[in-house]
Amino acid sequence: MTINGQILRDAIISGANNIYNRRREVDELNVFPVPDGDTGTNMSMTIKNAALELSNVPSGATVGEAAKKAASAMLRGARGNSGVILSLLFRGLSKGLAGKDSVSAKDLSASFKIGVDAAYKSVMKPTEGTILTVAREAYENTVDKTESTVEDFMLLYIEEAKKSLEKTPELLPVLKKAGVVDAGGMGYIVILEGMLSVISKKGIIPNEDDVKPSAPAAVAAAEQTPNFAYTAEYVIIKNSGSKSGEALLAVLETLGENVMVADEDDFIKVNIDTDHPGKAIEEGIKLGELTKIKIENNREQNELVVKADMAQQKKRKLPVEPVNETGFVAVAAGAGIEALFKDLGADNVVCGGQTMNPSTEDILEAIGQTPAKNVFVLPNNKNIIMAAEQAAELADRKVCVLQTRTIPQGITAMMNYDPNGSFAQNRAAMTEAFDRVQSGQITFAVRDSEFDGHKIKEGELLAMDNGKIVFTERNLSKALTKLVKRLITPSSSYVTVIYGSDVSDEDAEEAFENLRQRISGDIDIVLVNGGQPVYYYIISVE
């Protein structure tokens, strides 16, 4: 048995709904206790883009067309490392199914292999015990079992993925210590299970925020004019001794399409697309009293969908002419930090960071709005680097993604740009400069945890030395002084303290004065109002 484009379209939409419904469950598997743009949320937001695009794909589309549309949308909508890896797995699906009208189990297996290879290549140092392992082992353990239906193959593939997921704690000690499995691998399985629901003919898993299942809502728009002008819905409260719904179904099928007659003990639920809603309602009255009657004008709805799509297209900014030699795009959150990057020469600042991972599309648009032939992108967060690199591949100009993992690294990189140097010279000099920076952050624990030997309680202050939790504290001022002292080395000469939106000016000034009194030596210390969320303080030591 093979599956066609409509089934694949609906399967991906069902997968998107399933991860959306269970995103918090996946988020809770994250062992790092800092506020984050969590795995389940990022994966959900990534595949949601595919679901929205697929809602405009007509029923007659091939599997190749449906897979291409999904992969393109996910590539541009990818958020966080987990979202980027997910988009690469689906890009494999697109490449493997290109030009095909339908897909067999063998086709699906070959596509999974392409996706796994692409995902592994995208990561500089692949870590086993993650979504990468789950996708690879699921493929390897089913590659010789493709002489079956797509449904049977998917059941087996998911079973092997689950086995692999259960072993992730053995590969990553941090998972074992926390007593959880890998969040990315879990999210991948949740999506696959949503897809299987359609392939096994159980239907699209509904999005729990929708009144109705998230079926392709805008398919009518893609097909331009709906076949029938109206959709009629109603519920029949059965009369005693009334006929079964089968007789009504036979009649309604002569009046339209997409007929649904759900016959229960005491009532019958009806849905039909038709040009004669009155006749459809009259047939229902023969079986009992009608309630919850609803009639929608499909062609009017079609016009609204088309207008909304046109409005969205107008919002997108077209790339500007690259008239300058070099430009900069930085990712940052907080009015003060954004202004700082602008002052240092950033052409565009993408709003984002911890808990707010921007999409590939967000970064790509900023690159396009930078009037330069060569563009440096500073992600300033380790969970944004992969999305930035995907944007670089899609850009219409030369792009270099500097591997900045913190705001201090990004600031230092820009301060070391030499307008008289070549692109290659600046890339090397800026990279060398930000690698020397000591970065500190103070935030709070979002969950009870044990990390690197530290027992952490929800709500405690967390001090991080270059991304690693080094101690907890109850007093914010004490935490600031203690962390700065830890970051300072004998060669340090300059400290910048950036305070966030949750620290008042008065508290920041008091903590700063306390810090100055306790830092000895010839070190300049500067206080900046960054206005950033999540982090009470960001510290740069050079």
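In case you missed it, the structure is sitting above this.
As the structure is a computational prediction, the values presented were derived from the model and not from experiment.

Scoring rules and cut-offs
- Residues numbered from 1 in each chain as written.
- Predicted model: local features only at pLDDT ≥ 70, side-chain atom pairs only at ≥ 80, totals over all residues.
- Heavy atoms only, no water.
- 1 Å grid on protein atoms, 1.4 Å probe; cavity = no way out; pocket = protein on both sides within 12 Å on 5 of 7 lines; lining within 4 Å.
- Points joined across faces, edges and corners; volume = space filled by probe spheres on them.
- Helix = DSSP H or I, 4+ residues; strand = E, 2+ residues; numbered from the N terminus.
- Nonpolar A, V, L, I, M, F, W, Y, C, P; charged D, E, K, R; others polar.
- Core = buried A, V, L, I, M, F, W, Y, C linked by side-chain atoms within 4.5 Å.
- Buried < 20%, exposed > 50% of the residue type's maximum accessible area, 1.4 Å probe, protein only.
- Contact = heavy atoms within 4.5 Å.
- Phe/Tyr/Trp six-rings, centres within 6.5 Å; stacked < 30°, edge-to-face > 60°.
- Lys NZ or Arg CZ within 6 Å of the ring centre and 35° of its normal.
- Pairing = 2+ DSSP bridges.
- Axes fitted to C-alpha atoms, helices over the stretch in contact; angles between N-to-C directions.
- Salt bridge = Lys/Arg side-chain N within 4 Å of Asp/Glu carboxyl O.

Asks: Is there a simple way to explain empty space enclosed by the protein in this structure?
Replies: Over the atoms, a rolled probe matching the size of one water molecule traces out where space is still vacant. Counting across every chain of the model gives one cavity of 30 Å³ or more. Approximately 100 Å³ is the volume found for the largest cavity. Elements with a minimum of two residues in the lining of the largest cavity: helix 5 (80-97), helix 6 (105-122) and helix 10 (183-199). Residues of the lining of the largest cavity, tallied by class, amount to nine nonpolar, one polar and no charged.

Asks: Please clarify how the nonpolar core should be interpreted in this entry.
Replies: Where a protein is soluble and globular, its nonpolar side chains tend to be buried together. The biggest cluster of nonpolar side chains holds 88 residues, and the ones touching the most others in it are Ile-47 and Tyr-188. Contact partners of Ile-47, with chain neighbours within four places excluded, come to Ile-12, Gly-15, Ala-16, Ile-19, Met-74, Leu-86, Phe-90 and Ile-191. In terms of nonpolar packing, the next biggest core, distinct from the first, is built from 28 residues, Phe-376, Leu-378, Phe-423 and Met-430 among them.

Asks: Where do I start with the packing of aromatic side chains in this structure?
Replies: Within a pair of aromatic rings, the relevant descriptors are the distance that separates the centres and the angle that separates the planes. Inspection of every chain in the model, using the stated rule, returns seven aromatic pairs. Between Phe-328 and Tyr-417, the ring centres sit 5.0 Å apart and the planes meet at 80°, which makes this aromatic pair edge-to-face. Here Tyr-417 lies in the loop between helix 18 (407-415) and helix 19 (423-435) and Phe-328 lies in strand 7 (residues 324-332), a separation of 89 residues in the sequence. Accessibility expressed as a relative area gives 23% for Tyr-417, which makes it partly exposed. Among the aromatic residues, ring-to-ring pairing joins Phe-328, Phe-376, Tyr-417 and Phe-423 into one connected group. Directly above the ring of Tyr-20 sits Arg-23, whose terminal nitrogen or CZ lies 4.0 Å from the centroid. When the ring centre of Phe-471 is taken as reference, the NZ or CZ atom of Lys-482 above it lies at 4.3 Å.

Asks: Where do I start with the sheet that holds strand 16 (residues 494-499) in this structure?
Replies: Each strand in a sheet pairs with its neighbour through backbone hydrogen bonds, running either in the same direction (parallel) or in the opposite one (antiparallel). Strand order across the open sheet formed by six strands is 15-14-11-18-16-17, with mixed pairing between neighbours. In this open sheet, the two strands that pair with only one neighbour each are strand 15 (468-473) and strand 17 (524-529). Between one strand axis and the next, the sheet turns through 20° on average, direction left out of account. Sheet topology places strand 14 (residues 461-465) next to strand 15; five bridges connect them, and they run antiparallel. The residue of strand 15 that forms the bridge with Leu-462 is Thr-472. Here helix 20 (residues 476-487) sits on the sheet in contact with strand 11 (438-444), strand 14, strand 15, strand 16 and strand 18 (537-541), set at roughly 160° to strand 11.

Asks: Help me understand the sheet that holds strand 9 (residues 372-378) in this model?
Replies: Strand order across the open sheet formed by four strands is 8-7-9-10, with parallel pairing between neighbours. Edge positions in the sheet fall to strand 8 (348-351) and strand 10 (398-401), since each of these pairs with one other strand and no more. Sheet twist, expressed as the average angle between the axes of neighbouring strands with direction ignored, equals 20°. Pairing of strand 9 with strand 10 involves four bridges; the strand directions are parallel. Paired with Phe-376 across the strands is Cys-400, a residue of strand 10. Sitting on the sheet, helix 16 (residues 360-368) touches strand 7, strand 8, strand 9 and strand 10, and the angle it makes with strand 8 is about 165°.

Asks: Looking at this structure, I do not really get the pattern of salt bridges. What am I missing?
Replies: Oppositely charged side chains can pair when the atoms bearing their charge come close. Scanning the entire structure with this criterion turns up 23 salt bridges. Among the ionic pairs, Asp-107 bridges to Lys-100, the shortest N-O distance being 3.6 Å. Judged by relative accessible area, which is 18%, Asp-107 ranks as buried. Look at Lys-100 and you get partly exposed, because its relative accessible area is 28%. Where Lys-162 meets Glu-193, a salt bridge forms, and the shortest distance between an N and an O atom there is 2.8 Å. Of this pair, Lys-162 sits in helix 8 (residues 150-171) while Glu-193 sits in helix 10, and the two are 31 residues apart along the sequence.

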